[in-house]
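As a plain string of letters, each chain reads:
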Amino acid sequence: MAAPITSSPTTASSTTRSYAGPMVLMTTLFFLFGAVTNFNDVLMPYLKDVCQLTDLQSSAVQSAFFGAYFLMSLPAGRLLEKLGFKRGIVLGLLVMGLGALLFVPAANSRTFGLFLLALSLLGAGITLLQVAANPYVSVLGPARTAASRVSIVGVANGLGGTISPLIGGLILFGGSAVLKARLAQLPLEERLTQEATLVKPLYLGLAVFLAVLAALFFLVRLPEIESIPADEEAAAAQAASETGRSSALSFRHLALGVVAIFMYVGVEVGIGSFIIRYGESQNISQLSGFTQELVRGLSVATNWAAALFGNNPDPIDTTTGFTKAVGAVLVSSYWFGVMVGRIIGIPLLSRFNARKLLVGVCAAGTLFVLLSILNHGETALWLVVLCGLCNSIIWPVVFPLAITGLGKFTKQGSSYLIMAIVGGAIIPPLMGFIATHGGGLRVAFMLPALCYAYLLFYSLRGYQVR
């Protein structure tokens, strides 16, 4: 899931000061958000094999990570009040670093619970970072260029989310032919133990990177952001007396919008999480020429990145049909669609009615998933990959629709919407439960179709202010 970004450049910034250095750090931070978050789509099937899990059990990867958004949102705000935004960013990076380091003992012992604890710490750190980092994007420079800065970090977030599954797939599922042959000859437990070690260089490298980034943020001077005025509660109380409402949730369109964000994050994460497993369930023995060229091209282009982690995989074999390594490329393609859709969406949303565009992408998402369920093989797989394009503009359209007309309850409504990101922790396990106990992955993909259908309802009627 891409990092939610809201722009409210209310704090003045000096026009004479250069913010190039801090902006580079912030862009790196948002790239990191996307890379760490979307890597879970590759990690989930990897841990399913290494720890010998069911689809339901493996979906706890997303629950542990995205559950932190719900559990940490309010504590993160309180921590930032005490620490300040700059030290909050440093703390968030260090918490993430601790989570990354925990992958080493988790891999050594092949303990799924330890992997989940590590993922929870990563999610908690990212939650703190997002609460602290989003306001900085708006104040790092003149207010007139705030939208451009938001676009830059948004594209960086999408780029990180596109690259990390591709590199992760090469390292975890690629490997050299010699290594694969050696592992295949080992007894099951020994083979799984060897495969578990493949993840360690990735997260050790991430821990080092996070430590360096934390040191840079500690040393770089960043502008301070003013806190919410002390009379905010009084203003909210006055608004309540004028409107007869006591909470943001008393606005019907906001309450329905919270559910819409829950569904959106759930469907985005759910589809990405199960693309590899969905592809395996299609029993694809022969890939199309287009898919083979795409996989070969991307695997060769990213082999150099895998070498940075001490791995030198052979190009992905596309002659044996669908494999996990091929699936990792399609996961990357799914998130690439989200990024491209965002870039295309910037001019479209400014020229056309945003809500009508939302109707179109939600209807397309519903149709793509239903057609995928009714089809088989590579066609079914590519239909769900195309859903990435549909997901690209849902957040930037639903969020403002949901907070329209809230007045002094706007901040409260925004906090509820951000907490609804917990959908990414709940929808994937529900899909895993249906796949394990309710008829397989084809039936499980009815859940994303229902999520898109709800989003279509919201774009047609639920958004209306009453």
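Above this note sits the structure.
This text gives an overview of the structure that appears in the document. All values reported here derive from a predicted model rather than from experimental measurement.

Our focus in this paragraph is the overall build of the protein chain. Along the protein chain, the regular secondary structure elements total 22 helices and zero strands. Here the protein chain holds 466 residues, and the buried ones make up 55% of them. Considering only residue pairs separated by 6 or more positions, the protein chain has 85% of its internal contacts joining residues 24 or more positions apart.

Attention shifts here to the pattern of salt bridges. By the definition in use, this model includes seven salt bridges. A salt bridge links Asp-49 to Lys-324, with the shortest nitrogen-to-oxygen separation between them at 2.8 Å. Here Asp-49, found in helix H1 (residues 20-50), pairs with Lys-324, found in helix H14 (residues 324-351); they are 275 residues apart in sequence, far enough to count as distant. By relative accessible area, Lys-324 is classed as buried at 17%. Here Glu-280 and Arg-277 are joined by a salt bridge, their closest N and O atoms 3.1 Å apart.

Once that is clear, we can look at the nonpolar core. Membership of the largest hydrophobic core comes to 135 residues, with the highest contact counts inside it found for Leu-29, Tyr-46, Leu-93, Leu-172, Tyr-203 and Ile-271. Among the elements that make up this core, the one with the highest residue count is H1 (15 residues). Those residues within four positions of Tyr-203 in sequence are excluded, and the remaining contacts are Phe-39, Leu-43, Ala-100, Phe-103 and Leu-122.

Per the counting criterion, the structure on display carries 11 aromatic pairs. Relative to Trp-395, the ring of Tyr-264 lies with its centre 6.4 Å away and its plane at 55°, an arrangement referred to as tilted. Taken together, the positions of Tyr-264 in helix H12 (residues 252-281) and Trp-395 in helix H18 (residues 394-403) put the pair 131 residues apart, joining distant regions of the chain. By relative accessible area, which is 2% here, Tyr-264 ends up buried.

So, on to the state of the cysteines. Throughout the structure, instances matching the rule amount to zero disulfides. Here Cys-362 stays unpaired: no disulfide links it, and the sulfur of Cys-390, its closest cysteine neighbor, is 8.3 Å away. Given the relative accessible area of 0%, Cys-362 is considered buried.

Reading guide: rules and limits
Counting starts from 1 at the beginning of each chain's written sequence and moves along it residue by residue. Thresholds applied to this predicted model are a pLDDT of at least 70 for local features of residues and 80 or more for the giving and counting of side-chain atom pairs; totals over whole chains, interfaces and linings are not thresholded and use all residues. As a rule here, side-chain values come from all non-hydrogen atoms in the structure, and water together with hydrogens is ignored. Counting from the N terminus, the helices are DSSP H or I runs at least four residues long and the strands are E runs at least two residues long. Note on exposure labels: buried denotes an accessible area under 20% of the residue type's maximum, exposed denotes more than 50%, and partly exposed covers the range between, all computed with a 1.4 Å probe on protein chains only. Contacts between residues were defined by any pair of non-hydrogen atoms, one from each residue, lying within 4.5 Å. Within this document, salt bridges are pairs made up of a side-chain nitrogen of Lys or Arg and a carboxyl oxygen of Asp or Glu, the two lying within 4 Å of each other. The definition of a nonpolar core used throughout is a set of buried Ala, Val, Leu, Ile, Met, Phe, Trp, Tyr and Cys residues joined through side-chain atoms within 4.5 Å. Ring geometry is summarised as follows: Phe, Tyr and Trp rings, the Trp one being its six-membered ring, pair when their centres sit within 6.5 Å, and such pairs are stacked at plane angles under 30 degrees, edge-to-face over 60 and tilted between the two. Note that a disulfide, as used here, is simply two cysteine sulfur atoms within 2.5 Å.

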